[in-house]
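# A closer look at the structure
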Amino acid sequence: MAQVNGETETVVRRLRDGMAGGVLSFPLTSFHDDGSLDPDGFRAHVAAPTATAPGAIFPACGTGEFFSLDEDEYRTVVTIAVEEAAGRVPVVAGVGYGWAQAARFARIAEEAGADALLVLPHYLVAAPQDGLVAQLEQLAARTRLPLIAYQRGQVAFTASSLRRIARIPGVIGLKDGHSDLDRLQRLTLAAPEGFLFFNGASTAEIQARAYATVGVPAYSSAVHAFAPEIANAFFAALRDGDDKTVEKLLREFYVPFVELRDRVPGYAVSLVKAAARLRGRPVGPVRAPLTDPTPADLADLTALLTTGLDLVGAAL
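Reading the values: the criteria
Residues numbered from 1 in each chain as written. Predicted model: local features only at pLDDT ≥ 70, side-chain atom pairs only at ≥ 80, totals over all residues. Heavy atoms only, no water. Helix = DSSP H or I, 4+ residues; strand = E, 2+ residues; numbered from the N terminus. Rg over C-alpha atoms; globule rule 2.2 N^0.38 Å. Buried < 20%, exposed > 50% of the residue type's maximum accessible area, 1.4 Å probe, protein only. Contact = heavy atoms within 4.5 Å. Areas by Shrake-Rupley, 256 points an atom, 1.4 Å probe, with all protein chains shown as cover. Patch = residues over 30% accessible without salt bridge, like charges linked within 9 Å, V, L, I, M, F, W, Y side chains within 5 Å. Salt bridge = Lys/Arg side-chain N within 4 Å of Asp/Glu carboxyl O. Axes fitted to C-alpha atoms, helices over the stretch in contact; angles between N-to-C directions. Left-handed = near helix turned anticlockwise from the far one by under 90°. Core = buried A, V, L, I, M, F, W, Y, C linked by side-chain atoms within 4.5 Å. Phe/Tyr/Trp six-rings, centres within 6.5 Å; stacked < 30°, edge-to-face > 60°. Lys NZ or Arg CZ within 6 Å of the ring centre and 35° of its normal. Expected span 1.5 Å × (residues − 1). Arc of directions from axis to C-beta.

### Comments concerning the overall build of the protein chain
Scanning the protein chain from N- to C-terminus turns up twelve helices and eight strands. Over its C-alpha trace the protein chain gives a radius of gyration of 18 Å, about what one expects of a compact globule, namely 20 Å for 316 residues. Viewed in the frame of its principal axes, the protein chain has a C-alpha envelope of about 50 × 45 × 35 Å. A burial count over the protein chain gives 53% of its 316 residues as buried. At a minimum sequence separation of 6, the contacts of the protein chain that also span at least 24 residues come to 73%. Total accessible area on the protein chain is roughly 12,700 Å²; 52% of this is exposed by carbon and sulfur atoms.

See below:
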């Protein structure tokens, strides 16, 4: 990893410690029924998972519907997340589109007090490896905040490119959403000491044990946004080698949740929001082009959430 300044070194240390001690939480963005931003609802929502000791919080990312936020809304969301975190956990804000747009969001996140940035996959076009590296170079040159690259969709780094991005000042880690463990093992072996990796697959708990075998035990948890009791119980069981509990939670909650999620495109966010509403969280509906669950799917979600909470001694 490129030589880092003292501030970046502190962020890396805090993130590493957080990843070892808890799940990475991705809060939802709250909207009113008319689709407008609900700042008070978001504040109430983000305060709840933050109070349950996640390793870090990642506002305005995929689960937080970054793609639907304008710059003023983004500023509000990141500012509230920083205020609610109050220095207890790192705040990593999402940025994306092309590097020029990402740089504008990065400036806002910096002004709002975020600790680092998660660089979401660029918009629309496929790109060669040189372009993927250049995208991060351009953004890193325009922000003082540390960057975590997110490979998913059209972004997939080779081992050679990983070595290159790790030399970019300020690039501190990689979130993986491809679940290609062969490729990921090559990347971890190519990375310099201290470079951060975490599992960013949809419903990452399903593959958490597999990721750990290639040296990536840390993972993000969308479930933490609506059922931190389940997410934290799973994390503790995984950490403690309690395979019986891990497999029970996988079999009776996580696998059925993934099967429900896969019924409709976009349910990776829509179901999480619906589950949060079932828990009384003021997150509101999703914004287009996402759609909220059908009544039948919502009924199945309610039953599944009740089962999952019961498994860990909690209630809806």
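Once you've had a look at it, read on.
### Points about the environment of Asn232
With respect to the secondary-structure elements, Asn232 resides in helix α9 (residues 228-239). Sequence spacing of Asn232 and Pro49 is 183 residues, and the spatial spacing of their C-alpha atoms is 11 Å. For Asn232, the contacting residues outside a window of four places in its chain are Val23, Thr52 and His224.

### Thoughts on a nonpolar patch on the surface
Among the surface-exposed residues, Tyr123, Leu124 and Val125 lie close enough to one another that they form a single nonpolar patch of about 360 Å² accessible area. Topologically, Tyr123 is positioned in the loop between β4 (116-119) and α5 (129-140).

### A word on the packing of helix α4 (residues 99-112) against α5
Where α4 contacts α5, the two axes come as close as 9 Å, and the packing angle between them is 35°. Note on packing geometry: the crossing formed by α4 with α5 is right-handed. Counting all contacts with α4, which are made through Trp99, Ala102, Ala103 and Ala106, the residues of α5 involved are Gln135, Gln138 and Leu139.

### Considering the nonpolar core
Among the nonpolar cores identified, the biggest contains 73 residues, and Phe58, Tyr74, Val95, Leu118 and Ile165 are the most heavily contacted of them. Setting aside anything within four residues of it in sequence, one finds Ile165 in contact with Val133, Leu136, Ala149, Phe157 and Val171. Formed by 32 residues, the second largest nonpolar core is a distinct cluster that contains Ala204, Phe253, Phe257 and Val283.

### Section: the packing of aromatic side chains
Under the counting rule described, the total for this entry stands at 14 aromatic pairs. Where Phe195 meets Phe197, the ring centres are 5.5 Å apart and the plane angle is 70°; that geometry is what we call edge-to-face. Across this residue pair, the class does not change: Phe195 and Phe197 are buried. Among the aromatic residues, those joined into a ring-pair cluster are Tyr219, Phe226, Phe234, Phe235, Phe253, Tyr254 and Phe257. Just above the ring of Tyr150 sits the side chain of Lys175; from NZ or CZ to the centre is 4.1 Å.

### Focus on helix α1 (residues 6-21)
The end-to-end C-alpha distance of α1, which contains 16 residues, comes to 23 Å, matching closely the 22 Å that a straight helix rising 1.5 Å per residue would cover. Taken together, the buried positions of α1 are occupied by Thr8, Val11, Val12, Leu15, Gly18 and Met19. Projection of α1 onto a plane perpendicular to its axis shows the buried side chains occupying an angular sector of 135°, all on one side. Relative to its buried face, α1 has exposed residues pointing more than 90 degrees away, namely Glu9 and Ala20.

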